[in-house]
Amino acid sequence: MAKTYHLHRLARSVRVWCAAIASQMPRPCWPTEAFSAVRLALTSVGAIYLAMLLELDRPEWAGWTVLSVSLVTRASSLQKSLWRAVSSIIGCGIALALTANFAQSTLAFDAAVALWLALLTVPASMERGQLSYGFALMGYTVPIVTLANVDQPSLVFQVAVDRCSTLLLGIACAHASSVLVAAGVREVSSSLADRLDATATACGEWLRAVQRGGNVPEPPVSQVLALDLAVADAFTEQPSLQTGRRAVNDAPIRLLHLLAIGLLERRLGPRDGSETSELLGNHFADWGRQLPRIRLASRLLREGRRVGNRRTPVRLLSIDRDGRQAFNNAIRTGVAVSLANGFWYASGWPSGSGAVTWTAVASILLAARPSPTIATRNFLVGAALAAVVGVVVHYSVLTTSGIFPLLAVVLLPVCMLAALGRSDARAVSGGGYGLVVLGIIGPTNVMQYQLDATLNDVVADLLGLWLAVIAFSALPPPASASTRRWRARRRMAKGFLAGVCAPDFLRPDTDRWLARMFDRLTQVGDEDGAINGGQALLLAGLLGLALRREDPDLGRQVGAVVRAQGLKAGSTLRQLVNNVDCTTLQHDRIVALSLLIGAGELELWPDLAGEQVQ
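The rules we used
Residues numbered from 1 in each chain as written. Predicted model: local features only at pLDDT ≥ 70, side-chain atom pairs only at ≥ 80, totals over all residues. Heavy atoms only, no water. pLDDT = per-residue confidence, 0-100. Contact = heavy atoms within 4.5 Å. Axes fitted to C-alpha atoms, helices over the stretch in contact; angles between N-to-C directions. Helix = DSSP H or I, 4+ residues; strand = E, 2+ residues; numbered from the N terminus. Parallel < 35°, antiparallel > 145°, perpendicular 65-115°, else oblique. Left-handed = near helix turned anticlockwise from the far one by under 90°. Nonpolar A, V, L, I, M, F, W, Y, C, P; charged D, E, K, R; others polar. Core = buried A, V, L, I, M, F, W, Y, C linked by side-chain atoms within 4.5 Å. Buried < 20%, exposed > 50% of the residue type's maximum accessible area, 1.4 Å probe, protein only.

Peer 1: I'd love a proper account of the confidence of the model for the protein, names of residues and values included.
Peer 2: Overall, the prediction assigns the protein a mean pLDDT of 84, with 92% of residues at 70 or greater. Under a pLDDT of 50 for its full length, residues 1–8 has, in the predicted model, 0 contacts with residues more than four places off or in other chains. Low pLDDT, under 50, characterises residues 14–30; the predicted model gives this stretch 3 contacts beyond four residues in sequence or across chains.

Written as structure tokens, this is what we have:
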């Protein structure tokens, strides 16, 4: 034991010494992105080599998988890898089911594929991040597997197995490569602790500005919502951090509680923080201890200490979902894919399946972007660049020799450019280039050189993307920024009415409702006092939920008045509070609610007029 202790001391001294030397060394001349691009390119070429060694039919899928799942953070890479594997397996299963049932009927098969893509477009549009990507991949895996072999349904199973095997191989290679540069537990916990400290400091400074009065800035809502994603990423990247870290996981919702208290204090005027928190209910008790607790949790996280051995699961805050946009995207995807299918079968084009596939990929994958029309155009530009690079490489360089080292030397810069295009936000066309270029080069064990077939495939790919651009412009066109802000205001108004007027069995959970309303608050814009109106609705909804939790009968009476009269319910609420037997706290809540819903900035908000006025 004594020898082991001294060895640990020696190793620690060596690590400190190495860190001191590294801090004094000059920075490398190449940026970090260049090293990452080289690593990913080598990994991608290695994945293609293994796929060719295993005699898989489409080894380029393995190379693209490496580029696809290798993101900025290791946590997001792990999440995307999981979704890519699960979604591909489910998509292949659906492809086999559709082929087994509709292979003999062209019209029924086309309708089934379009319907499946439309259905998966809904969750792909409503969710965010890797969850949205997972649903999109689950959708467009079906045309990838089935359409190229629609005349030979017996080959669909073989293609499905080959695709799943190739993607899993690429995921394994990407994971092995990421382990070499993965951040350790101490680095991840220290970075997360810094984010906790910065966000808690920003919220504390804002609360002090509220207490001082005067010109108070807007609350740091976006910073708190970003902290929630940072906590989830850290827990995913290093699962050991989940043990004894409940305070870290609860920090975002606790900070949202503090922001709600500060907003209410700013609206009602200076008062003691305890009185303000009492108005919002028991969920907001001990408000004065929240910031010290978060800072304590940050310090313990940085020091590697834990509070107990209880494991904390990853729990993200609720987010806002735009159902109208998701419905429009589903209609667009279904119609676009159906039209592309109709053109294919009417023309009898041998490469028409590629056009349909790329129409489906772009329609479902880019639907969740803030500006999908622009994103699809950039994707088309990147695909056009990939077509030029792919044809030149395939028919000028790779025709000279059939050995793999030459192929690897050629693919290395191609994959480096694809990796840089995906990592640099300025390369708006990088995604289209990276997704298309390896498919056009088509590295296989037996290279084929048929220029007319290659050009047919290239034209079909570009035509499919061009059809997607047209679909995003006309079937129906995506909502403008002002329309999206108006919809966010409408969803916020509906959320307020649900919190105050919904039946008891549909009453929303306070924390989930609060996170969803704060997310909507970041989307409403600032036209016509929208920010102030959104804050008023958020606070009024919290007061209504507090009334309903502590006195359901009184809460139902208040909800009935608000549902009937809307913004004109202020005077009726004040009469109600004088005519019923209620406590001082309930009296103050109802009066505060009447003041908030009578605010002038809510006059232009939709769905708040009330039943009698309508």
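Peer 1: How would you sum up the packing of helix α19 (residues 481–501) against helix α20 (residues 510–521)? Please name residues and give values.
Peer 2: Following both chains from N to C, one finds α19 and α20 inclined at 155°, their axes separated by 9 Å at the closest point. As summarised for this structure, α19 and α20 are arranged roughly antiparallel, according to the angle between their axes. Helix-helix and strand crossings are classified by hand; for α19 and α20 the assignment is left-handed. Between α19 and α20, the residues in contact are Ala488, Arg491, Met492, Gly495, Phe496 and Gly499 and Trp513, Met517, Arg520 and Leu521, respectively. Here the residues of the contact of α19 with α20 sort into 6 nonpolar, 2 polar and 2 charged.

Peer 1: Break down the nonpolar core for me, with residues and values.
Peer 2: The tendency in soluble globular proteins is for nonpolar side chains to be buried as a group. Core analysis: the biggest nonpolar cluster contains 81 residues, and Leu256, Leu514, Phe518 and Leu573 have the highest contact counts within it. Setting aside chain neighbours within four positions, we find Leu256 in contact with Val224, Leu225, Leu317, Leu514, Ala515 and Phe518. Counting 73 residues, the second-largest nonpolar core is a separate cluster that includes Trp61, Ile364, Val414 and Leu438.

Peer 1: Pulling in residues and values, what's your account of helix α3 (residues 60–69)?
Peer 2: The buried fraction of α3 is high, at 10 of 10 residues. Within α3, the full set of buried residues consists of Glu60, Trp61, Ala62, Gly63, Trp64, Thr65, Val66, Leu67, Ser68 and Val69.

Peer 1: Account for the packing of helix α10 (residues 246–268) against α20, naming residues and giving values.
Peer 2: Between α10 and α20, the least distance of the axes is 10 Å, while the angle of their chain directions is 70°. Comparing their axes, α20 and α10 come out roughly perpendicular. Contact residues: Ile253, Leu256, His257, Leu259, Ala260 and Leu263 in α10; Asp511, Leu514, Ala515 and Phe518 in α20. Grouping the constituent residues of the contact of α10 with α20 by class yields 8 nonpolar, 1 polar and 1 charged.

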